[in-house]
Amino acid sequence: MKGQAAIMDALIFMLVASGAATLLLFVAGIYSSSTSTQINTIYNYEYGGNALIALHYAKDEQGRWFWNELEGKLTAASQADVEAYMNGDARFIWQNITSSSPAGQNTTLCFEGAGLGATPCYPFNRPEPASTTVYTSSVKITPDIDVIIKLYY
Amino acid sequence: MRKGFIGPIGDDLPSIIALMLAMGLFFSSVIYVINVYNQKIADMDMLKGSIEIGRAVMNKGVLTRDDLDSNPNANYVAKSYSLSYDVYLESDTNSCSMESLRFSYLVAMNDAGKIGLHTMMLCTWKG
């Protein structure tokens, strides 16, 4: 009977040790995942902020300042004019944005406070991506108009 | 000699085997977890250092070729994280090595007085 008790004690010890080992493996699995996500978030915000800064210096194919042209079209013209401009003289600017963006084609430029209605986003005809994570950075190009870059994941 | 008695250790042999197995399992998982922990810390440091190198490179707003070729602030950050890095424009023929981390940025470049938009790639690796 004494031998059976010793075996039982050893099996209980084995159970406790297995539980502790499982807990360690579980913690090791999730450790740092939230920190890595936060660092990726920082990168996405930095990308957005830097992209908007770079766009301050962007000129379209006719050599006109991108923000100035966009501002004029957003306040005075229709959505179709903005789209025509983005698909025309500012096409390569948009291509630069999507090729450099970590979100690739799931990047949009939204205009808030413009005379175009409720925060339209270029590309206008594309439905908003069904993403759970969206990173946004914004810049004021006039006191009334904000341009927002959105990265969808 | 008693019937079935196989010595003072023999009687405890089954429980000793179970104890050894339990301790082996526990300590091997501790060693594994320490290795995983160190690897994850190193990966996080690399990621954090890469972002800071990118921040140092982008600090000027409008970049020049000289900023891409040599940037003292970025060199300092890279050294403090024990990282090596390379920055180039996507239009260049360079490419990152397979094991490096890659980050892209939209940058304004002053190329001989003409400012244009470019995609800048930042590659970082250990060492």
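Right above here is the structure, for reference.
Visitor: Please clarify how the overall build of chain A should be interpreted in this entry.
Guide: Regarding its fold elements, chain A presents five helices and four strands. What you see in chain A, going N to C, is helices and strands ordered as α-α-α-α-α-β-β-β-β. Scaling as 2.2 N^0.38, a compact globule of 153 residues should have a C-alpha radius of gyration of about 15 Å, whereas chain A reaches 27 Å, well beyond that. Seen through its C-alpha atoms, chain A measures out along the principal axes to roughly 95 × 25 × 25 Å.

Visitor: Mind showing me how you'd approach the overall build of chain B here?
Guide: Assigned secondary structure in chain B consists of three helices and four strands. Computed over the C-alpha atoms, the radius of gyration of chain B is 28 Å, more than 25% above the 14 Å expected from 2.2 N^0.38 for a compact globule of 127 residues. For the C-alpha atoms alone, the extent of chain B along its principal axes is close to 100 × 25 × 20 Å. For chain B, with 127 residues in total, the buried portion stands at 24%.

Visitor: Would you mind showing me how to read the sheet that holds strand 4 (residues 146-152) of chain A here?
Guide: Residues and elements named next belong to chain A. Ordered by their spatial adjacency, four strands build an open sheet running 2-1-4-3, and the pairing between neighbours is antiparallel. Of all the strands in the sheet, just strand 2 (121-122) and strand 3 (134-140) have a single pairing partner and so form its edges. As paired elements, strand 1 (residues 107-112) and strand 4 share six bridges and run antiparallel to each other. Looking at strand 4, one finds that E112 is bridged to D146. On top of the sheet, helix 2 (residues 33-56) reaches strand 3 and strand 4; it is set at about 30° to strand 3, its chief contact.

Visitor: Explain the pairing of strand 4 of chain A here, please?
Guide: A regular strand places its side chains so that they alternate between the two faces of the sheet. Across seven bridges, the pairing between strand 3 of chain A and strand 4 of chain A is antiparallel. Bridging from a neighbouring strand, V139 of chain A pairs with V147 of chain A of strand 4 of chain A.

Visitor: How do you make sense of the interface of chain B and chain A when you look at a structure like this?
Guide: Frequently, the measure chosen for interface size is the accessible area that the parts lose on association. Listed by partner, the interface residues are 36 residues for chain B and 36 residues for chain A. For the side of chain B that touches chain A, the secondary structure elements donating two or more residues are helix 1 (13-58), strand 3 (101-111) and strand 4 (114-126) of chain B. The greatest single-element share of the side of chain B that touches chain A, amounting to 22 residues, is contributed by helix 1 of chain B. Looking at the side of chain B that touches chain A, its residues break down into 24 nonpolar, six polar and six charged.

Calculation notes
- Residues numbered from 1 in each chain as written.
- Chains lettered and ligands numbered in written order.
- Predicted model: local features only at pLDDT ≥ 70, side-chain atom pairs only at ≥ 80, totals over all residues.
- Helix = DSSP H or I, 4+ residues; strand = E, 2+ residues; numbered from the N terminus.
- Rg over C-alpha atoms; globule rule 2.2 N^0.38 Å.
- Buried ≥ 20, exposed ≤ 12 C-beta atoms within 10 Å, placed from the backbone.
- Pairing = 2+ DSSP bridges.
- Contact = placed C-beta atoms within 7 Å.
- Axes fitted to C-alpha atoms, helices over the stretch in contact; angles between N-to-C directions.
- Nonpolar A, V, L, I, M, F, W, Y, C, P; charged D, E, K, R; others polar.

Function-wise, these values are silent; they only describe arrangement.
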